[in-house]
Amino acid sequence: MFTRYLITVLPAGERLPHPVTAAAVVQRSLPGHTVYIETLNEPDDDKPDHGLQIEHNDPACLVITEGYLIPNAGNGLPHSGIYNQIIIDSDAGEVRLHNDTFGLLACYFAQDGGALRVSNSLRLLRRGGALGVDELGVAEMFLFGGWTPTERIIVRDAQRMAAGMQYRFALGSARPPVATRLTSTWTTVIDEPVETIVDRICDLWNRALATHFDPIDTPIGLLLSGGLDSRMVAGAAAARGKQLVGLTFGDLRSDEVQIAQQVAAVTGAQWVPSGLDEDFPFERLAFDRVNRVHETMYNLMWDANAPLLTAHGVRHFSTGATFETIFGGQKDADKRRRLLKNLRQAVLGPWATGPATAAERDAVTDAIQGIGRKRARHYASLLAEPYRSLITDSLPAAEREVAERVALIAASGPITAAQIRERFDSEHYQTHYSRNQERQLFSHGTVVLPTVDRDLANYLTNLPAGMKYDHALYYRVIRRLYPQLAAIPVPNLGTSVDKSQLQIELVRVWQIQRRQRLTTWVNFSDWMRLGDNMAKYERLFLEQDHFFDGDAVRAFFKDVGDGRRGIYDGGETTGFLNLAYLLDKQRLER
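Conventions used here
- Residues numbered from 1 in each chain as written.
- Predicted model: local features only at pLDDT ≥ 70, side-chain atom pairs only at ≥ 80, totals over all residues.
- Heavy atoms only, no water.
- Salt bridge = Lys/Arg side-chain N within 4 Å of Asp/Glu carboxyl O.
- Buried < 20%, exposed > 50% of the residue type's maximum accessible area, 1.4 Å probe, protein only.
- Pairing = 2+ DSSP bridges.
- Helix = DSSP H or I, 4+ residues; strand = E, 2+ residues; numbered from the N terminus.
- Axes fitted to C-alpha atoms, helices over the stretch in contact; angles between N-to-C directions.
- Core = buried A, V, L, I, M, F, W, Y, C linked by side-chain atoms within 4.5 Å.
- Phe/Tyr/Trp six-rings, centres within 6.5 Å; stacked < 30°, edge-to-face > 60°.
- Lys NZ or Arg CZ within 6 Å of the ring centre and 35° of its normal.
- Parallel < 35°, antiparallel > 145°, perpendicular 65-115°, else oblique.
- Left-handed = near helix turned anticlockwise from the far one by under 90°.
- Contact = heavy atoms within 4.5 Å.
- Polar contact = N/O pair within 3.5 Å; in protein donor to acceptor, adjacent residues only side chain to side chain.
- Right-handed = clockwise from strand over helix to strand, strands pointing away.

Trainee: Residue-level account of the pattern of salt bridges, with values.
Mentor: Evaluated as defined, the whole model comprises 36 salt bridges. Its salt-bridge partner being E94, residue R96 comes within 2.8 Å of it at the nearest N-O pair. Comparing R96 with E94 shows no difference in burial state: the two are buried. In the salt-bridge network here, residues are joined through shared partners; they are D89, E94, R96 and R168.

Trainee: Tell me about the sheet that holds strand β2 (residues 25-30), and please be specific about residues and values.
Mentor: One open sheet accounts for six strands, arranged β2-β3-β1-β9-β8-β10; its pairing is antiparallel. On the outer flanks of this sheet lie β2 and β10 (158-160), each paired with one strand and no other. Neighbour-to-neighbour, the strand axes of this sheet turn through a mean angle of 15 degrees, independent of strand direction. Here strand β8 (residues 108-112) pairs with β10 via three bridges, running antiparallel. Bridge pairing in β10 links F109 to Q159.

Trainee: Tell me about the nonpolar core, residues and numbers included.
Mentor: Ranked by internal contacts, the top residues of the largest apolar core, which has 151 residues, are W205, F287, Y537 and F548. Considering each element in turn, this core owes the most residues, nine residues, to helix α11 (residues 387-410). Counting residues in hydrophobic clusters, the runner-up holds 25 residues, among them Y5, I7, C107 and M165.

Trainee: Any chance you could break down the environment of D362 for me, citing the residues and the numbers?
Mentor: Here D362 is to be found in helix α10 (residues 358-379). In the structure, D362 is positioned 45 residues away from A407 in sequence and 9.2 Å away in space, judged by C-alpha atoms.

Trainee: Break down the environment of V257 for me, with residues and values.
Mentor: By secondary structure assignment, the location of V257 is in helix α5 (residues 255-267). C-alpha of V257 to C-alpha of V522: the two residues are 265 residues apart in sequence and 9.0 Å apart in space.

Trainee: Got a sec to walk through the pairing of β2? Specific residues and values, please.
Mentor: By the bridge criterion, six bridges tie β2 to strand β3 (residues 33-42) in an arrangement that is antiparallel. Residue L30 lies in a different strand from β3, and its bridge partner there is H33. Between β2 and β3, which pair antiparallel and follow one another directly, the connecting turn spans two residues, one of which, G32, has a positive phi of 90 degrees.

Trainee: Outline the sheet that holds strand β6 (residues 80-89), supporting the account with residue identities and numerical values.
Mentor: The strand order β4-β5-β6-β7-β11-β12 describes an open sheet built from six strands, whose pairing is antiparallel. In this open sheet, the two strands that pair with only one neighbour each are β4 (52-58) and β12 (178-181). Within this sheet the neighbouring strands show an average axis-to-axis angle of 15 degrees, counted without direction. Alignment of β6 against strand β7 (residues 94-99), held across six bridges, turns out to be antiparallel. Residue pairing for β7: I87 is matched across the bridge by R96.

Trainee: Break down the packing of aromatic side chains for me, with residues and values.
Mentor: Geometry of an aromatic ring pair is reported as the spacing of the ring centres plus the angle between the planes. The full count for this structure, using the stated rule, is 26 aromatic pairs. The residue whose ring lies beneath R200 is Y459, and the NZ or CZ to ring-centre distance is 5.9 Å. The aromatic ring of Y581 is capped on one face by R587, whose charged end is 3.7 Å from the ring centroid.

Trainee: Describe the packing of α11 against helix α12 (residues 417-434), with residues and values.
Mentor: With their axes 10 Å apart at the nearest point, α11 and α12 run at an angle of 120 degrees to one another. Relative to α12, α11 is oriented oblique. Note on packing geometry: the crossing formed by α11 with α12 is right-handed. Of the residues in α12, those touching α11 at R405, V406, I409 and A410 are I420, R423, F424 and H428.

Trainee: I'd like a rundown of the side chain of H316, residues and numbers included.
Mentor: Here H316 lies in strand β16 (residues 316-318). With relative accessibility at 18%, the residue H316 sits in the buried group. Here the side chain of H316 touches T218 through a polar contact of 3.2 Å, side chain to side chain. Non-local contacts of H316, meaning those with residues more than four positions away in its chain, are made with I216, T218, P219, I220, G221, T446 and V448.

Trainee: So, the packing of helix α2 (residues 135-143) against helix α22 (residues 572-583): which residues are in play, and what are the values?
Mentor: Packing of α2 against α22 brings their axes to within 9 Å, and their N-to-C directions diverge by 160 degrees. Comparing their axes, α22 and α2 come out roughly antiparallel. Note on packing geometry: the crossing formed by α2 with α22 is right-handed. Taken together, the residues of α22 that come into contact with α2 (itself represented by V138, M141 and F142) are F576, L579, L582 and L583.

Trainee: Describe the pairing of strand β13 (residues 220-223), listing the residues and the values that go with them.
Mentor: Neither face of β13 is exposed, since I220 and L222 on one face and G221 and L223 on the opposite face are all buried. Note that β13 and strand β14 (residues 244-250) share four bridges and pair parallel. Of the residues in β14, the one forming a bridge with L223 is L247. Between the parallel elements β13 and β14, the chain passes through helix α4 (residues 228-239) in a crossover that is right-handed. By the bridge criterion, three bridges tie β13 to β16 in an arrangement that is parallel. By the bridge assignment for β16, G221 is matched with F317.

If you want it as structure tokens, here you go:
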């Protein structure tokens, strides 16, 4: 059950000015204030508070929780789990809003005089507050392919709650909230020997499993790609004696899908393959419904395939969320530099890295700004006016916000350039965008992610950049914990990781030179070229003529059909379509 909600806190006696639902409203009274809780459930039912936990044990205090919160007994905030929590405390005269370490569930807020609105839906927030569109937010969502470099959103006079934060609002006041960062991720650099760090990671990982997995006595469904992150979770579930159902979608003839099958066999998982081929109908990618419910189109294959897991009795889902960013380490795009650094680590061990210099901070800033410049250059032409001009004219302001955010992250502690980029990617690209994959699973059951455990995250994000570089530390840990899984090839390496870093790197480079890379599990461009899939996808863009220029769209898809451009592009095209749907006035009332 996934619930879209709008929570409105008003002075006592005031009624909702703009109700967003016809019937599903819970009203709770506190001294001096009234709280209205409006909900829309997916799947639909007649229980107005089904997807929220509402506690009103104290007449002066109301606690509303979304998601799956795992309390940290006597050890402060944030808790573990995946959650947002709002506490309306009349005695203290305040509202406290906080979330988990990574802010995995979207949560937005807006203030209007003495009213406070909190929602997990951009549409409901706009409707409930009669709010307009933030043009820079729109531009940034386009320039960065679905996310913004700050807490700015596409709704004017509103913002997204940042990850691992607490906001304290004075009841009945229009003053901005007092914001406090609760998490200690990316604040320092831990100075310990490699073996000590490996021991500590293994201990924290097993503690996380005891907290997140051990209470589950029903099958756990895992989105199993065959890569490191999902196999780490598969190994964990097997080690804890859990019944595991692994679902792999994509080209069933690809190397990566075959590797996923090997992982399933080693972990004793029931394996459920789902082919992305000529038998997979375009309509299973429910663009309209997923956007309406989850306000995302990344990654539609998750929503399309989750019912296959529920058919096998799955009520708890897990993924490898966050591990690639917080554990995989940074790596150089330049192949030669990447090779030399890996060789250096293999022979001499990890290198020490000091706090980021001004030049290194500037390099991080420029790399992120380059994402926006590239998308403006390659994709702004797809847009109709006034959006085309808005995107290009907003690029300088978007770049300034990138620079300001990088400076803010750098000021949080004596951290390295790699940590700055890690935190930026986690809190913006992933929090705003890619973690919406997990949000889709909430419609089908409970999502449990040991990879986002608070204590584990605090440790992994503060490890030396040289030690984590290009998965080197990750490989050590998986060899220690799950040697059988380490012996299975990793798709993007073309070799297993049950060997030294030197051997891994030499095999990887050799395969690149000989062009013998393993085939990946999903090739969206190839599938789009089957049957009339491409024409159906193009039609979705042409229908959004308020946002896209028809002639430009037709020219783009002709280039795709002729092989001059690709659709499998990191989610740009689905991100653009998702933004168009969010700005569609007809869809605003859904």
